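Coordinates in review
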There are 4 protein chains.
Amino acid sequence: MRKKLYDLLNHQAPGSLQRGSTVFMVVVIFMSSIALVLTSEPAVEIRFGRLLGAVEVVASLVFLVEYLLRIWTAPEQYPLRSSWSSRVRYLTSFMGLVDLFSFLPFLLMLAGSQQTPVLMLLQLTRLLKLTRYSLAFDLLADVLHDEAESLLVSVMLMFIILIFASVGIYTFEHQVQPDAFGSIPHAMWWAIVTLTTVGYGDVTPVTVQGKIFATLITVVGVGLVSLPAGIIASGFTEQLRLRRERFQSEVEQLLQDDGHLSSEDMGQLERDRQELGINRDKAELIISQVQQREQQWLRKHQDSGGTGAHGTRT
Amino acid sequence: MRKKLYDLLNHQAPGSLQRGSTVFMVVVIFMSSIALVLTSEPAVEIRFGRLLGAVEVVASLVFLVEYLLRIWTAPEQYPLRSSWSSRVRYLTSFMGLVDLFSFLPFLLMLAGSQQTPVLMLLQLTRLLKLTRYSLAFDLLADVLHDEAESLLVSVMLMFIILIFASVGIYTFEHQVQPDAFGSIPHAMWWAIVTLTTVGYGDVTPVTVQGKIFATLITVVGVGLVSLPAGIIASGFTEQLRLRRERFQSEVEQLLQDDGHLSSEDMGQLERDRQELGINRDKAELIISQVQQREQQWLRKHQDSGGTGAHGTRT
Amino acid sequence: MRKKLYDLLNHQAPGSLQRGSTVFMVVVIFMSSIALVLTSEPAVEIRFGRLLGAVEVVASLVFLVEYLLRIWTAPEQYPLRSSWSSRVRYLTSFMGLVDLFSFLPFLLMLAGSQQTPVLMLLQLTRLLKLTRYSLAFDLLADVLHDEAESLLVSVMLMFIILIFASVGIYTFEHQVQPDAFGSIPHAMWWAIVTLTTVGYGDVTPVTVQGKIFATLITVVGVGLVSLPAGIIASGFTEQLRLRRERFQSEVEQLLQDDGHLSSEDMGQLERDRQELGINRDKAELIISQVQQREQQWLRKHQDSGGTGAHGTRT
Amino acid sequence: MRKKLYDLLNHQAPGSLQRGSTVFMVVVIFMSSIALVLTSEPAVEIRFGRLLGAVEVVASLVFLVEYLLRIWTAPEQYPLRSSWSSRVRYLTSFMGLVDLFSFLPFLLMLAGSQQTPVLMLLQLTRLLKLTRYSLAFDLLADVLHDEAESLLVSVMLMFIILIFASVGIYTFEHQVQPDAFGSIPHAMWWAIVTLTTVGYGDVTPVTVQGKIFATLITVVGVGLVSLPAGIIASGFTEQLRLRRERFQSEVEQLLQDDGHLSSEDMGQLERDRQELGINRDKAELIISQVQQREQQWLRKHQDSGGTGAHGTRT
């Protein structure tokens, strides 16, 4: 029974119970976050304060129960460890802390503590619980891991260009606009607002040299700053390609063993497909392509080389 | 005749009549939308009010006639249903409602109702009729469907970072700027304007801590917010690749059956090409590549293995 | 000699003379455009007016001479036409008009006409002459042609969302801000500034409903507006892939004819490489890969099937 | 020993000493740059001025020592040259100058020279030393080199559209707003701020014609200006693909020589993998795919053609 509960909490249970529980958790997480945000608005607080408070109480209780259940089922997650060791492992894991913070601030407030911004930020860590509910977060995590070095370099490049932009604009503008460009850290605010193309317009260069410098730095910098997004997007494409190739290798392997795909093989492929997050359409296309290539090979072989071998395969 | 009319309305008729009717409908849709927009400008309304009104009348009549014809030809769309069932099906379909709204508001106005913003928005649904006139909308729909989960995750990420940004900036700025950052929902306006890099500059952080927080959130957030565009763009590439592969499979299949492409096969491929929305140049390249590979294989086989089999194929 | 001059004007002449003439023309085009821009600045005009005027005179003369030479060499461009027919063809072609406008406004000014903005814009068409000087413009033209339908759809989508955004914001804001949102065309200015993420901040929504609507439209719209850039970028990748495949087909064809690449074949491939705009490194990689595959095939064949055929190829 | 030191300075030494030295240098570069930036802020300077000065002294000494060591080990870098020739070569190389500038300004300041913006910019060249510490900079350099022509064309297109936008907006706005749009170079500031979507809002068109022109130029221009980022991103994808193909060719070559990968082959592949900057996971996938294809080929051959040849390979 602990196994079943563990599967349910981790989306490995079959059917509609799983779907219901997932939707329930996602809704609770979203509702409680929205309630938290709305509470800060005085006009809303006066009229709906009690309703919003109730949403928070219910959500915190749900998260508390979930936390206790996850502690209980932790041994299923780490089967090679002892019960207690596996529970300590969960309690100190990143997601364990996220689960703790999702209800702890509320308990503190019940215990008399005031609502403070820090408590509010802690409560919002519950949004990170959402990452459990889609394979696409895994995909994103894989992409970030794969492209870690490229992204690091992008960040370094951004840092380099940010420093150059700040020092340059400081040089040209700090005498004319001592308020906005009084020091390099101040100038950095302009640089970041410009390089990300946000461009509030609260500080802008006014001297001719400053404008020329800003032009150059903008043209070069805007491209560099949009690099990480480009890298992540192309990493997505690459990661999906890699996963398709892995699936194809698997199909070829299974087909090669005995020349056709048994229903057992199909079950295996279906599990692989889900794990790799491949679209059903694409999976079918890959399977049919591999089969076609195989048949093509066989047919040709029977025509020519195969005949020479007196048709050992029919 | 009903069949011919149905084909004409759905761009499956051949030749110049089809082209003429498509151009006519696109022009009517565009002109009537522009007329609607211009009517709201008093200076234009005074001088060209009657002309714009006439455009609207004509367009509404065209849409009404189109609607009636589509109702009449609905049985061609759903051949397996009875006439009435298929008509009810069309009337309650999404595009059926779009077609209805494209002239209904005008009839209401004729019947004495005032021009209201809601009526205006209803009238503008006629722009959605444009989606009938290009295969590329199909492509976009396929991409959105394929990448649905990635896009959902992007939206969730955007939501998460939006909440964090709002709470953070509220924390740092609400005491100094109680007007602009008086509550988290207010702060959210700043967050959305910043994260999308629109950056109006109507609200900006002024405290040092607020600016440092804004810098961090901007650098991280800008990348995440541009993710959906990147995903859609890479989905486009992927979808086009998938369609090319499907076309190639089809060519291989046809070529394999009897060793060459008959004129019947070419007709089939031309239909596939149009349906898959593949460029004529690319289609020809794919066909010639498949043929070349096939010939290469045959040639080699005759040299070596084929000789061993006493040349069963020549 | 006319042939040589034609080759020189169209970058098909060999060696350093070609390079010199290309650099010269590019420099003249850039310098004269910059001079034109600087002339409009009174402070610069007073000090360097005569110098800038001289640059303009020289450039116009260069363009005049180029124009006459192109008229003379036009028959080389259209070898199947008669001399006069080919010249008329050039004179009425798009680039012929661009060449004409590059010096005509200056002649008009010499003849007493005032410098007017329209004349200035005509003069700037000389910038379009730059498109002759890089194969990458061809690549861009191919991409735009290939992706024409996708881009058209993007523009239609942009138009649709622009209209919806304008009507929506007009609905919510025109009573509170009658100046900025007094009519839908006025509201369209806000919509375009917001959807392109330029975000000047000269007009922004102030009502709560307006801000909520703006949030929704921004999140959806920003992705759609960046679609064309994504399509063009992925079209670039696709176009480059297509060209590499064409080159590879060519290599396979040449290799298949007689089993190795003669120096004549290499010359042919070098011409193809330049025409397709493929990097030298990539071309070499493709050639070596094709050769390796071919050798691999031969080797394997000699081991097994080839033995059965008593080694017809060695 | 000089060889060992050279390897250490250039990240070719094995183990933890290398890692420690790399981290140390990166930290020194970052810390000293941040110190430089903070010194310009009076509030910080008063409280932490001595600490920041000390950081600068230590960093400059570290860079001085590094410089001397690099001069000493230069012969290892250019083994074919004489000791002195190789040292001169290093001293006059780009990175040699960067290394020199990283400590020279500080020596000048010690010698009595004032801190000036120019000196500050020179000091910041030390940030370029960071490019030594990641293979991803190599990748970026390769991409920039490969896509040089496409990028050049993008820059030319940007220049063309910038000029057209400036002249156009000048035409429509210079009479109404003589301050902001008094000349074309002034109008260029608006054009660059708009086309890069920074959109400060310090200068905006106010006439109807100006706004219509701005709308058109923005829609067209924004796409073109984001082209370089798209080209670089797709160049990244392409470059990574090229490197994977090179690695695959290498694996095929090694496997073909004697039918399996010896531990010596694996060592070679590991070196190639590092040099090409390929992820360990991807490398393993490529190797296993090549092996699988090879085995598949062998197996099929033994079944049919191989039998005909009386099983020459087992």
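Source: prediction; values computed, not measured.

**Quick look at the interface of chain C and chain B**
In this assembly, 56 residues from chain C lie in contact with 49 residues from chain B. Taken over both partners, the interface formed by chain C and chain B buries close to 4900 Å², and the fraction arising from carbon and sulfur atoms is 67%. Scanning the region where chain C abuts chain B turns up six residue pairs in polar contact (both at pLDDT 80 or more). Among the secondary structure elements, those contributing two or more residues to the side of chain C that touches chain B are helix H9 (148-173), helix H10 (184-195), helix H11 (208-225), helix H12 (227-258) and helix H14 (280-303) of chain C.

**Some thoughts on the relation of the copies chain A and chain B**
Least-squares fitting of chain A to chain B yields an RMSD of 0.1 Å, with the superposition described by an axial translation of 0.0 Å and a rotation of 91°. Considering both components of the superposition, the chain copies are consistent with a four-fold axis.

**As for the layout of surface pockets**
Approximately 1800 Å³ is the volume attributed to the second largest pocket. Every residue lining the second largest pocket is counted, 46 residues in all, and those nearest its centre are Ser134(C), Leu135(C), Ala136(C), Gln274(C) and Glu149(D). Grouping the constituent residues of the lining of the second largest pocket by class yields 16 nonpolar, 16 polar and 14 charged.

**Side note on the UniProt feature "transmembrane region" (unreviewed entry) in chain A**
Residues and elements named next belong to chain A. The positions that UniProt labels "transmembrane region" (unreviewed entry) are, in the present scheme, residues 21-39, 51-69, 90-111, 151-172, 184-200 and 212-236. Annotation note: span residues 51-69, helix share 100%, strand share 0%, distance between end C-alpha atoms 27 Å. Secondary structure within residues 90-111 divides into 77% helix and 0% strand; the distance between the first and last C-alpha atoms comes to 26 Å.

**Some remarks on the nonpolar core**
Grouped together as the largest cluster of nonpolar side chains are 235 residues, with contacts concentrated most on Trp190(A), Trp190(B), Trp190(C) and Trp190(D). Beyond its immediate sequence surroundings of up to four residues, Trp190(A) is in contact with Ala165(A), Ile169(A), Phe181(A), Val203(A), Thr204(A), Pro205(A), Ala214(A), Ile217(A) and Tyr200(D).

**A few points about the interface of chain A and chain B**
Opposite the 48 residues of chain A that make contact, chain B presents 57 residues. Summing both partners gives a buried area of about 4900 Å² for chain A against chain B, and 67% of it is carried by carbon and sulfur. Scanning the region where chain A abuts chain B turns up zero salt bridges. Summed over the shared surface of chain A and chain B, the number is six residue pairs in polar contact (both at pLDDT 80 or more).

**Points about the packing of aromatic side chains**
Working definition: an aromatic ring pair is given by the centre-to-centre distance plus the angle between the planes. Applying the stated criterion to the full structure yields 24 aromatic pairs over all chains. Ring geometry for Phe30(B) versus Phe159(C): centroids 4.8 Å apart, planes at 50°, classification tilted. Pair noted here: Phe30(B) is in helix H2 (residues 15-39) and Phe159(C) is in helix H9, and the two residues belong to different chains. When the centroid spacing of 6.1 Å and the interplanar angle of 25° are considered together, the rings of Trp189(B) and Tyr200(B) count as stacked. Pair noted here: Trp189(B) is in helix H10 (residues 184-195) and Tyr200(B) is in the loop between H10 and helix H11 (208-225), with a separation of 11 residues, a long-range link. Taken together through their ring pairs, the aromatic side chains of Tyr67(A), Tyr90(A) and Phe103(A) make up a single cluster.

**Digging into the pattern of salt bridges**
Overall, the coordinates contain 44 salt bridges over all chains when judged by the stated rule. Linking Asp142(A) and Arg243(A) is a salt bridge whose minimum nitrogen-to-oxygen distance equals 3.0 Å. On the criterion of sequence distance, the pair formed by Asp142(A) in helix H8 (residues 135-146) and Arg243(A) in helix H12 (residues 227-258) is long-range, its members being 101 residues apart. Its relative accessible area of 31% is what places Asp142(A) among the partly exposed residues. On the accessibility criterion, Arg243(A) (10% relative accessible area) is buried. For the salt bridge of Lys129(D) with Glu66(D), the shortest nitrogen-to-oxygen distance reads 2.8 Å. Taken together, the residues Lys129(D) in the loop between helix H7 (117-124) and helix H8 (135-146) and Glu66(D) in helix H3 (residues 42-77) connect sequence positions 63 residues apart. In this pair, the class of Lys129(D) matches that of Glu66(D), namely buried. By sharing partners, the salt bridges in this structure join Glu66(A), Arg70(A), Asp99(A), Lys129(A) and Arg132(A) into a single network.

**Some remarks on a nonpolar patch on the surface**
Residue and element names in this part refer to chain A. A cluster of nonpolar side chains, namely Val23, Val27 and Met31, defines an oily patch on the protein surface of about 260 Å² accessible area. Relative to the elements of secondary structure, Met31 occurs in helix H2 (residues 15-39). When its relative accessible area of 46% is taken as the criterion, Met31 is described as partly exposed.

Cut-offs applied
- Residues numbered from 1 in each chain as written.
- Chains lettered and ligands numbered in written order.
- Predicted model: local features only at pLDDT ≥ 70, side-chain atom pairs only at ≥ 80, totals over all residues.
- Heavy atoms only, no water.
- Contact = heavy atoms within 4.5 Å.
- Buried area = accessible area lost by both parts, 1.4 Å probe.
- Polar contact = N/O pair within 3.5 Å; in protein donor to acceptor, adjacent residues only side chain to side chain.
- Helix = DSSP H or I, 4+ residues; strand = E, 2+ residues; numbered from the N terminus.
- Least-squares fit on C-alpha atoms with pLDDT ≥ 70 in both.
- 1 Å grid on protein atoms, 1.4 Å probe; cavity = no way out; pocket = protein on both sides within 12 Å on 5 of 7 lines; lining within 4 Å.
- Points joined across faces, edges and corners; volume = space filled by probe spheres on them.
- Nonpolar A, V, L, I, M, F, W, Y, C, P; charged D, E, K, R; others polar.
- UniProt positions renumbered as here; feature names shortened; annotations may be inferred.
- Core = buried A, V, L, I, M, F, W, Y, C linked by side-chain atoms within 4.5 Å.
- Buried < 20%, exposed > 50% of the residue type's maximum accessible area, 1.4 Å probe, protein only.
- Salt bridge = Lys/Arg side-chain N within 4 Å of Asp/Glu carboxyl O.
- Phe/Tyr/Trp six-rings, centres within 6.5 Å; stacked < 30°, edge-to-face > 60°.
- Patch = residues over 30% accessible without salt bridge, like charges linked within 9 Å, V, L, I, M, F, W, Y side chains within 5 Å.
- Areas by Shrake-Rupley, 256 points an atom, 1.4 Å probe, with all protein chains shown as cover.

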